[in-house]
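Topology and contacts: notes
Now for the letters of each chain:
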Amino acid sequence: MEATGFPKIDCHTHIISSDIRDEYFSRTSGYAIVMQLPESIMKNPDCISTVLSDERLFLSPCIDISIPVEPQLAEIEKNIETSKTVGLKIYLSYQRGKANSPPLRPIYEFASRHRLSVTFHTGLCSLILPSDNDIEGSSAKYIAEVAEEFPDVNFIVAHMDDPRFTECIRIVSEHDNMFTDFSGAYETGTKEAADIDRAVSIFGEAICSRQGTSKKILYGTDFCPPINLAQLDEYDYTIAKIFNKEDFEDIYYKNCLRAFPRLQNYIKEVCYEDIV
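Secondary structure assignment for the protein yields 10 helices and 9 strands. Computed over its C-alpha atoms, the radius of gyration of the protein comes to 17 Å, within 12% of the 19 Å expected for a compact globule of 276 residues. Along the first, second and third principal axes, the C-alpha atoms of the protein reach 45 × 40 × 35 Å. A total of 276 residues make up the protein; the buried ones form 61% of that total. The long-range fraction of contacts in the protein, counting pairs at least 24 apart against all pairs at least 6 apart in sequence, stands at 73%. Here the protein displays about 11400 Å² of accessible surface, and carbon together with sulfur accounts for 49% of that area. Each charge sign in the protein was given a centre, from 27 positive and 44 negative side chains, and these centres are 2 Å apart.

In structure tokens form, the structure reads like this:
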């Protein structure tokens, strides 16, 4: 339990090894969703075993959209319960494609059948990982199309469609089943990491451009020190600067339970009626 009085749920991490797990939980507590990576982007063979090693971790297996998706979905389905799967992760930008592309439709049908949420990487990519750099293809406007077609599936626009922040907030605000975060913003070497207050101002202006965004923003860090994503305090600082204290429970905890309904299978601190 955090000092806030409720546990945090980090909606976006890459706690893909025991070393990363140990470092993360030495610095913070609560829960975390682990986003598996395609092997073509970064080797992470211990991802699932790491999730299974700790009751505070949950899994969003990746879908590699550069290869056929149906066999990947069949493999995920075999272990969906035992692996504590709560969502799926698609690496747009890194891998060329749009969310509304017909070959991706089976992913959303699968998510609908299994009460899974779908997280997309959107916008700019890591400074050090290999990428197709298809920034336009990752636009939230294409995610909005599938969100309308699949209203029973929640879609998370990770990284607030960097740098299309204001447009992302507009789109997310107009769709009940869309959420976003600013995880990964403070990667070492980025302009945001070099001037956090400037970044907070930019994020805050976009977030405050619409009413009700305190119900749409998720707490996420993208934690993964091997790829220069070891920041934690920066996200607490940003949240404290942008949101009122009465919004903290939504940002840190309740919004993630709304966005990832399968988490309710594992996290029992509050009743579902308390978060809707």
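This part takes up helix α5 (residues 140-149). Regarding α5, the residues found buried are Ala140, Tyr142, Ile143, Ala144, Val146 and Ala147. At its buried positions, α5 is contacted by α4 (105-114), β6 (117-121), β7 (155-158), α6 (165-173) and β8 (178-181).

With that out of the way, let us pick up the environment of Ile227. The topology assignment puts Ile227 in the loop between β9 (217-218) and α9 (233-242). Distance from Ile227 to His14, taken between C-alpha atoms, is 9.7 Å for residues 213 residues apart in sequence. The residues touching Ile227, leaving out its near neighbours within four places in the chain, are Met42, Ile128, Leu129 and Glu187.

To describe a pair of aromatic rings, one takes the distance between the centres and the angle between the planes. This structure, assessed with the given rule, holds 16 aromatic pairs. With a centroid separation of 5.1 Å and an interplanar angle of 65 degrees, the aromatic rings of Tyr24 and Phe223 are classed as edge-to-face. One end of the pair, Tyr24, is in helix α1 (residues 18-27); the other, Phe223, is in the loop between β9 and α9, with 199 residues separating them in the sequence. Judged on exposure class, the residue Tyr24 and its partner Phe223 are both buried. Taken together, the ring pairs connect Phe165, Phe182, Tyr186, Phe203 and Tyr235 into an aromatic cluster. Residue placement shows Lys98 over the ring face of Tyr142; its charged tip is 5.4 Å from the ring centre. The ring of Phe179 is capped by Lys216, whose NZ or CZ atom sits 4.9 Å from the centre of that ring.

If you trace the 6 strands from one edge of the open sheet to the other, you get β4-β5-β6-β7-β8-β9, paired in parallel fashion. Two strands in the sheet have a free side with no partner beyond their single neighbour: β4 (62-63) and β9. Along the sheet, α5 makes contact with β6, β7 and β8, crossing β7 at roughly 175 degrees. Against the sheet, α6 engages β7, β8 and β9, with an angle of about 150 degrees to β8.

Okay, the pattern of salt bridges next. Evaluation of the coordinates by the stated rule reveals 17 salt bridges. Note that Lys78 is salt-bridged to Glu75, the shortest N-O span being 3.2 Å. With a gap of 3 residues between them, Lys78 and Glu75 both fall in helix α3 (residues 70-78), about one helical turn apart. By relative accessible area, which is 63% here, Lys78 ends up exposed. Among the residues examined, Glu75 registers a relative accessible area of 42% and is labelled partly exposed. Overlapping salt bridges, with partners in common, bring together Glu167, Arg170, Glu174 and Arg210 in one network.

Another point: the nonpolar core. In terms of nonpolar packing, the biggest core is built from 94 residues, with Tyr108, Phe155, Phe203, Phe260 and Leu263 touching the most fellow members. Top contributing element to this core by residue count: helix α10 (residues 248-259), with 7 residues. Contacts of Phe155, omitting those with residues within four sequence positions, involve Tyr108, Val118, Phe120, Ile143, Val146, Ala147, Phe150, Asn177, Met178 and Phe179.

Reading the values: rules and limits
- Residues numbered from 1 in each chain as written.
- Predicted model: local features only at pLDDT ≥ 70, side-chain atom pairs only at ≥ 80, totals over all residues.
- Heavy atoms only, no water.
- Helix = DSSP H or I, 4+ residues; strand = E, 2+ residues; numbered from the N terminus.
- Rg over C-alpha atoms; globule rule 2.2 N^0.38 Å.
- Buried < 20%, exposed > 50% of the residue type's maximum accessible area, 1.4 Å probe, protein only.
- Contact = heavy atoms within 4.5 Å.
- Areas by Shrake-Rupley, 256 points an atom, 1.4 Å probe, with all protein chains shown as cover.
- Lys, Arg positive; Asp, Glu negative; His and termini not counted.
- Charge placed at Lys NZ, Arg CZ, Asp CG, Glu CD.
- Phe/Tyr/Trp six-rings, centres within 6.5 Å; stacked < 30°, edge-to-face > 60°.
- Lys NZ or Arg CZ within 6 Å of the ring centre and 35° of its normal.
- Pairing = 2+ DSSP bridges.
- Axes fitted to C-alpha atoms, helices over the stretch in contact; angles between N-to-C directions.
- Salt bridge = Lys/Arg side-chain N within 4 Å of Asp/Glu carboxyl O.
- Core = buried A, V, L, I, M, F, W, Y, C linked by side-chain atoms within 4.5 Å.

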